Amino acid sequence: MPHTETPGTEAVPATRLRWWTELPLILLVYACYSAGRLVVRGDVADAVDHGLAILRVEQALFLNAEHPLNRLFTREPWIGIPADFWYASLHYLVTPAVLIWLFRSHAVRYRAARTWLMTSTFIGLIGFTLLPTCPPRLLDASHGFVDTMAYYSSYGWWGGEASAPRGLGGMTNQYAAMPSLHVGWALWCGVILWKYGRTRLTKTAAVVYPLVTTIVVMGTANHYFLDAVAGAAVMGAGLLLAPRVMRCADLAKARYLPRYAPAPAAPSATHSPIVSAGCQTSAGERIPRQRHPESPYGPGTEPGASPSDAGESAPAPAR
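Residues numbered from 1 in each chain as written. Predicted model: local features only at pLDDT ≥ 70, side-chain atom pairs only at ≥ 80, totals over all residues. Heavy atoms only, no water.

Engineer: Tell me about the environment of Asp84, and please be specific about residues and values.
Structural biologist: With respect to the helices and strands, Asp84 occurs in helix H4 (residues 77–105). Residues in contact with Asp84, not counting those within four places in the same chain, are Thr148, Met149, Tyr152, Trp158 and Thr220. (Helix = DSSP H or I, 4+ residues; strand = E, 2+ residues; numbered from the N terminus. Contact = heavy atoms within 4.5 Å.)

So, in structure tokens, the structure goes:
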């Protein structure tokens with residue numbers, strides 16, 4: 001069975017990428033992600049309704065992982081506090097680290113993987129726009145959830161409002177729970193580490209990181225289980241769309257960016273111009289009609305010389 005590359009992660013014969021062009025692009029995408037979460041707040045009542053609807057769907061499907069995990073994280077500080085640090089920090093540390101590692105170690109794969117991540121992120125922003133969702137921690141206490149970020153806020157750098165730094169909780173959209181890009185980005189990191197990692201440690205991290213992240217987002221009451229499923233679905237959609245996005249980017253670059261013609265190559269020895277104007281020289285000549293001083297032949301006596309070549313001082317041929 002022939003080997004086929006996974007769409008969105010195949011090598012592409014593109015021009016060499018530079019870090020000083022990649023870094024502004026990544027920062028721009030992240031700024032759009034942050035601004036999109038901030039601007040698209042939606043109505044709080046609608047967000048709460050969407051959150052309760054997700055709970056009802058999970059109950060109908062006999063899914064209830066959030067409550068036991070949340071109770072465990074609240075009851076056991078040695079689990080809950082590291083989980084809050086995990087949720088508040090690794091999302092913003094591991095993903096850039098994997099991007100940098102891929103850029104340095106597998107540059108030919110980098111563009112496809114980066115495009116996959118960015119495409120999925122923009123799809124997630126569409127989800128935040130169309131379906132603002134109240135996370136479990138912001139529901140009424142009667143639903144049985146405890147906000148562990150607020151519960152353990154005295155141990156971390158975040159405040160009681162959100163995972164943002166203290167005093168900046170109002171600058172983030174806390175109703176952007178569907179889909180969970182924490183899970184989506186962790187899944188992307190896992191796929192990249194599994195596919196291109198060469199050590200047992202990277203293979204282990206490829207499995208552990210997305211799995212633990214999924215448990216953490218539910219145990220801290222920041223996401224529902226279906227949010228995590230939606231995050232994985234968003235990454236799948238981005239994976240399928242990434243090759244088309246790259247083709248569109250290449251077409252736009254070829255159409256709108258200026259093209260520079262390559263400088264003419266210097267003439268090589270094999271294609272040097274003829275400068276003798278059609279005159280031929282023999283082995284003992286530097287230029288036509290000029291004898292080499294060390295030539296063993298006398299004027300007009302070299303092989304193939306005609307009588308006219310000998311000049312006026314040459315004796316006439318015998319008859």
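Engineer: An account of the packing of aromatic side chains is needed here, citing residue identities and associated values.
Structural biologist: A complete count under the given rule lists 4 aromatic pairs for this structure. Note on Phe103 and Tyr110: the rings are 5.0 Å apart at their centroids and 85° apart in plane angle, and the pair reads as edge-to-face. With 4.9 Å between their ring centres and 80° between their planes, Tyr151 and Tyr152 make a pair best called edge-to-face. On the basis of relative accessible area, Tyr152 is assigned to the buried category, the value being 3%. (Phe/Tyr/Trp six-rings, centres within 6.5 Å; stacked < 30°, edge-to-face > 60°. Buried < 20%, exposed > 50% of the residue type's maximum accessible area, 1.4 Å probe, protein only.)

Engineer: Residue-level account of unusual backbone geometry, with values.
Structural biologist: In this model, Met178 is joined to Pro179 through a cis peptide bond whose omega is 0°. In this fold, Pro179 is placed in the loop between helix H6 (148–151) and helix H7 (181–196). One non-glycine residue, Phe62, lies in positive phi territory at about 60°. For Phe62, the location among the structural elements is in the loop between helix H2 (44–60) and helix H3 (66–75). Classification of Phe62 by relative accessible area gives exposed; the value is 78%. You will see that Ala221, though not glycine, has its phi angle at about 65°, which is positive. Here Ala221 shows up in the loop between helix H8 (200–219) and helix H9 (225–256).

Engineer: An account of the nonpolar core is needed here, citing residue identities and associated values.
Structural biologist: Counting 24 residues, the largest nonpolar core has Val98, Leu102, Trp116, Leu117, Trp188 and Ile192 as its most contacted members. Of all the elements in the fold, those that place two or more residues in this core are H4, helix H5 (107–130), H7, H8 and H9. Of all the elements, H7 adds the most residues to this core, at 8 residues. Those residues in contact with Leu102, other than ones at most four positions away along the chain, are Ala107, Arg109, Tyr110, Ala113, Ile192 and Tyr196. With 13 residues, the next largest nonpolar core counts Leu69, Phe73, Met149 and Trp158 among its residues. (Core = buried A, V, L, I, M, F, W, Y, C linked by side-chain atoms within 4.5 Å.)

Engineer: I'd like to hear about H2, residue by residue, with values.
Structural biologist: If you check H2, its first and last C-alpha atoms are 24 Å apart, about what 17 residues at 1.5 Å a residue would give, namely 24 Å. Buried-residue contacts for H2 involve H3 and H9. Positive backbone phi, approximately 60°, marks Phe62, located one or two places after H2. (Expected span 1.5 Å × (residues − 1).)

Engineer: Could you give an account of the pattern of salt bridges, with specific residues and numbers?
Structural biologist: Opposite charge on two side chains permits them to pair, given that their charged atoms come into close proximity. With the rule as written, the count across this model stands at 3 salt bridges. One salt bridge in this structure joins Asp250 and Arg111, with 2.7 Å as the shortest N-O distance. With a gap of 139 residues between them, Asp250 in helix H9 and Arg111 in helix H5 connect regions that are remote in the sequence. Classification of Arg111 by relative accessible area gives buried; the value is 9%. (Salt bridge = Lys/Arg side-chain N within 4 Å of Asp/Glu carboxyl O.)

Engineer: Break down empty space enclosed by the protein for me, citing the residues and quoting the values.
Structural biologist: Inspection of every chain in the model, using the stated rule, returns 1 cavity of 30 Å³ or more. The space that makes up the largest cavity amounts to roughly 30 Å³. If you go around the largest cavity, the residues you meet are Trp86, Tyr87, Leu90, His91, His182, Tyr209 and Thr213. The element that contributes the greatest number of residues to the lining of the largest cavity is H4, accounting for 4 residues. Its residues assigned to classes, the lining of the largest cavity comprises 4 nonpolar, 3 polar and no charged. (1 Å grid on protein atoms, 1.4 Å probe; cavity = no way out; pocket = protein on both sides within 12 Å on 5 of 7 lines; lining within 4 Å. Points joined across faces, edges and corners; volume = space filled by probe spheres on them. Nonpolar A, V, L, I, M, F, W, Y, C, P; charged D, E, K, R; others polar.)

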